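Analysis of the macromolecular model
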Amino acid sequence: MSIVNRQWHLQARPKGLLVPGDLQLAEAPVPALAEGQALARVRYLSMDPTMRMWMADVQLYMPPVALGDVMRSFGFAEIVESRHPQYQKGDKIIGLTGLQDYVLIDASAKSQFQKIPPVPFVSDTAFLGVLGITGITAYFGMMDIAKPQKGETLVVSAAAGATGSIAGQIGKIHGCRVIGIAGGEDKCKWLTQDLGFDAAVDYKRPDWKEALATATPKGIDINYENVGGEIMHTVLSRMNLHGRVVLCGLISGYTKEDPALASFSNVLLKRLRVQGFIVLDYADRYVEAATQLGKWKVFGKLKDRETLLEGLEKVPDAINMLFTGGNTGKLIVKL
Ligand SMILES: NC(=O)c1ccc[n+]([C@@H]2O[C@H](COP(=O)([O-])OP(=O)(O)OC[C@H]3O[C@@H](n4cnc5c(N)ncnc54)[C@H](OP(=O)(O)O)[C@@H]3O)[C@@H](O)[C@H]2O)c1
């Protein structure tokens, strides 16, 4: 019996949030495996803000997804059949699975996938979150770029998200005073009561700028920036001379034409060191990051949370949740 593969194709380039028709669900038969190929069943899809950028017709660190193609995404999959020398049935892998039920792997695509060794007490989904791309991004942004020192003040935006929540905790591990900026009371409570942040600022409250000032009486030494726009400008205005800005993401601009960086004068006047980075720059050091993150997690120094949706058909709603703040921690779709 032939297997049917459900796939989300990019049909139109979204203007703001995704609307029906931007992605289209279609079915395709899975072809019989040729020598050198393997078939993996996708178990979990990672929802990442960068997917929205891949949908736009702009050249970034990866080419845009072509209209009509299966939408690119990271995912966690399990080999169900193999004629590939490097994979056996039951192997678990992570990589660019795409938004679909099954992914066909051939020799040319082998570098896109990484085998996951069995690790006791670690869930499969952790390899998409705290031990996956978002945890690893936070690790390199903090350890290689921010280089946090005891007593410094760190401000993290989108702090209750997958990357921000880990970046802030790495700041705590290194003795920083950590302030998270997040949308809503529940997220702010999670940051201070569960994750040990020193303060949290709810940017949806009208007085959030005063709250940020109160929470940072000695100014800000490190800004781990995930949002851009007004949040970034406000944080930059409170930076200390020679502070460091880790430019990880600018999510407030991903659904707009506005590049979200209208004015950069604080960088000049305060002699800030600003560094952007893409986690792919660190591909040859992922094992180092995952090992350290894993140790912190096992020793209780790092907590993580996931927001899980069930069903491939939920993907468009899930992508939009990243831009409306519907997730806390890592957002994952379970298939
Ligand atoms: N440089 C890299 O290699 C790299 C790798 C991974 C991720 N990133 C970046 O890291 C950032 C976080 O990504 P993630 O995967 O960890 O997602 P996430 O933080 O788990 O989810 C996105 C969060 O951003 C917040 N947000 C969305 N729109 C906002 C707006 N207009 N103003 C303020 N907050 C907004 C929402 O939380 P609230 O409820 O708090 O609004 C939402 O939950 C993104 O900018 C992403 O592009 C960069």
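Everything that follows concerns the structure shown earlier in this document.
This report concerns the structure included in the present document. Note that the structure is predicted; figures quoted are calculated from it, not measured.

Each value, and the rule that gives it
- Each residue is numbered by its place in its chain's sequence as written, counting from 1.
- Per-residue local features of the predicted model are confined to residues with pLDDT of at least 70, and side-chain atom pairs are confined, for both listing and counting, to 80 or more; whole-chain, interface and lining totals are unaffected and use all residues.
- Hydrogens and water molecules were not included; the side-chain quantities draw on all heavy atoms of the structure.
- What makes a residue near a molecule or strand is one non-hydrogen atom of that residue sitting within 4 Å of it.
- Here the Shrake-Rupley method, with its probe set to 1.4 Å, supplies the accessible areas, and only the displayed protein chains count as covering residues.
- Labels follow the DSSP assignment, with helices taken as runs of H or I lasting at least four residues and strands as runs of E lasting at least two, numbered in each case from the N terminus.
- By definition, residues are in contact when any of their heavy atoms lie within 4.5 Å.
- A helix's residues, less one, multiplied by 1.5 Å, set its expected span.
- Throughout this description, buried means an accessible area under 20% of the type-specific maximum (1.4 Å probe, protein chains only), exposed means over 50%, and partly exposed covers the range between.
- Working note: the arc is built from the helix axis to C-beta atom directions.
- We call a set of buried Ala, Val, Leu, Ile, Met, Phe, Trp, Tyr and Cys residues a nonpolar core when their side-chain atoms join them within 4.5 Å.

**A word on the site of the ligand**
Lining the immediate surroundings of the ligand are 28 residues, of which Thr163, Lys187, Tyr203, Val279 and Asn327 lie closest. Here the ligand has 910 Å² of accessible area as a free molecule, and 91% of this is covered by the chains. Looking at the shell around the ligand, the elements with two or more residues in it are α2 (133-146), α3 (162-173) and α9 (315-324).

**Describing the environment of glycine 184**
Turning to its location among the elements, glycine 184 is positioned in the loop between β9 (177-182) and α4 (185-194). Once you skip the residues sitting within four places of it in the chain, glycine 184 turns out to touch Asp202 and Lys204.

**Brief notes about helix α8 (residues 286-298)**
Taking 1.5 Å of rise per residue, 13 residues should cover 18 Å, and α8 covers 18 Å from first to last C-alpha, within 8% of that figure. Looking only at α8, the buried set comprises Tyr286, Ala289, Leu293, Gly294 and Trp296. Across the axial projection of α8, the buried residues extend over an arc of 165°, all falling on one side. Turned more than 90 degrees away from the buried face of α8, the exposed residues are Val287 and Val298. The elements touched by buried residues of α8 are β7 (113-115), α2 and α3. Residue glycine 300 follows α8 closely and has a positive phi angle near 75°.

**A closer look at the nonpolar core**
Formed by 56 residues in total, the largest nonpolar core has its most connected members in Leu23, Met47, Leu99, Val315 and Ile319. Broken down by element, this core gets its largest block of residues, six residues, from α9. For isoleucine 319, the contacting residues outside a window of four places in its chain are Leu18, Leu23, Met47, Met51 and Met55. Core analysis: the next-biggest nonpolar cluster, separate from the first, contains 44 residues, Phe127, Val130, Ala159 and Cys188 among them.

Keep in mind that these numbers describe shape and distance, not what the molecule does.
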